[in-house]
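# Observations on chain architecture
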Number of protein chains: 2
Amino acid sequence: MRAMKARVYVSFKPSVLDPQGQTIHHALNGLGHAEIEDVRQGKYFEITMRGATDRERARQELDQIARDVLSNPVIEDYRIEVLE
Amino acid sequence: MRAMKARVYVSFKPSVLDPQGQTIHHALNGLGHAEIEDVRQGKYFEITMRGATDRERARQELDQIARDVLSNPVIEDYRIEVLE
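Residues numbered from 1 in each chain as written. Chains lettered and ligands numbered in written order. Predicted model: local features only at pLDDT ≥ 70, side-chain atom pairs only at ≥ 80, totals over all residues. Heavy atoms only, no water.

### Things to note about the relation of the copies chain A and chain B
Copies of the same chain, two in number, are related to each other by a rotation about an axis and a translation along it. Test applied: Least squares is the method for superposing the copies, and the C-alpha atoms it fits come from residues with pLDDT of at least 70 in both.
Rotating chain A by 180 degrees and moving it 0.0 Å along the rotation axis overlays it on chain B with an RMSD of 0.0 Å. A rotation of that kind, with that shift, is consistent with a two-fold axis. For chain A, the smallest separation between a C-alpha atom and the rotation axis is recorded for Lys43 of chain A, amounting to 2.0 Å.

Written out as structure tokens, the structure is:
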């Protein structure tokens with residue numbers, strides 16, 4: 001049975017402040033990386049699905065998982081990438 | 001002055017346990033997503049560089065930043081993607 005791999009990327013919406021990214025940004029400037037203008041931090045999930053043969057169905061299921069479990073739609077956006 | 005965007009992806013090495021990913025994996029199975037076989041969590045950084053015109057130099061700088069600041073090379077791998 002074939003396994004399908006996918007990645008879900010979750011990041012803050014552009015309007016939401018990202019204090020962790022800002023801290024890293026200032027730390028990098030302080031370390032001499034003066035050309036760093038902005039840092040935003042996000043998270044991603046590498047998901048293996050067993051016996052998923054229909055890419056379209058897999059994508060729909062991942063969309064539901066990303067919306068309901070992996071992200072908070074009020075403050076976060078997500079992006080899905082089906083790999084193989 | 002042009003800005004260059006890049007992403008740095010940091011994930012646990014395959015040999016390192018990922019309890020957060022495992023918790024999400026079991027939660028998804030419990031919610032009825034039976035075909036989910038594995039979940040690994042990672043983080044990523046979206047970085048804007050000011051006045052970076054030389055992609056190769058930018059990549060070298062990002063490599064240093066990823067190794068020294070954004071990841072722990074003992075337990076984590078990283079991957080760099082220069083976008084534009």
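### Topic: the pattern of salt bridges
Charged atoms that come close allow side chains of opposite charge to pair. Quick note on the threshold: In the sections that follow, a salt bridge refers to a side-chain nitrogen of Lys or Arg positioned within 4 Å of a carboxyl oxygen of Asp or Glu. Strands here are runs of E lasting at least two residues and helices are runs of H or I lasting at least four, both read from the DSSP assignment and numbered beginning at the N terminus. For every residue, the accessible area (1.4 Å probe, protein chains only) is compared with the maximum for its type, and the residue is labelled buried under 20%, exposed over 50%, or partly exposed between those bounds.
Counted according to the given criterion, the structure contains 11 salt bridges over all chains. A salt bridge links Glu81 of chain A to Arg7 of chain A; the nearest nitrogen and oxygen atoms lie 3.5 Å apart. Here Glu81 of chain A is found in strand β3 (residues 76-82), whereas its partner Arg7 of chain A is found in strand β1 (residues 3-12), with 74 residues between them in sequence. On the accessibility criterion, Arg7 of chain A (15% relative accessible area) is buried. Here Arg50 of chain B ties to Glu37 of chain A by a salt bridge, and the two come within 3.9 Å at their closest N and O atoms.

### Considering the sheet that holds strand β2 (residues 36-50) of chain A
Operational definition: Here a strand pair is declared whenever DSSP counts at least two bridges between the two strands. Helix axes use the C-alpha atoms of the stretch in contact, all axes being lines fitted to C-alpha atoms, and the angles between their N-to-C directions lie in the range 0 to 180 degrees. Contacts: residue pairs with any heavy atoms within 4.5 Å of one another.
Judged by pairing direction, the sheet is antiparallel, and its 6 strands sit side by side in the order β3(A)-β1(A)-β2(A)-β2(B)-β1(B)-β3(B) without closing on themselves. Here the strands that pair on one side only, and so sit at the sheet edges, are β3 of chain A together with β3 (76-82) of chain B. Here the strands of the sheet are splayed against their neighbours by 25 degrees on average, with no regard to which way each runs. Alignment of β1 of chain A against β2 of chain A, held across 9 bridges, turns out to be antiparallel. Looking at the pairing, Val8 of chain A lines up with Phe45 of chain A of β2 of chain A. Strands β2 of chain A together with β2 (36-50) of chain B of the sheet are contacted by helix α1 (residues 19-30) of chain B, whose axis makes an angle of about 125 degrees with β2 of chain B. In the packing of helix α2 (residues 55-70) of chain B onto the sheet, contacts are made with β2 of chain A together with β1 (3-12), β2 and β3 of chain B, and the angle to β3 of chain B comes to roughly 155 degrees.

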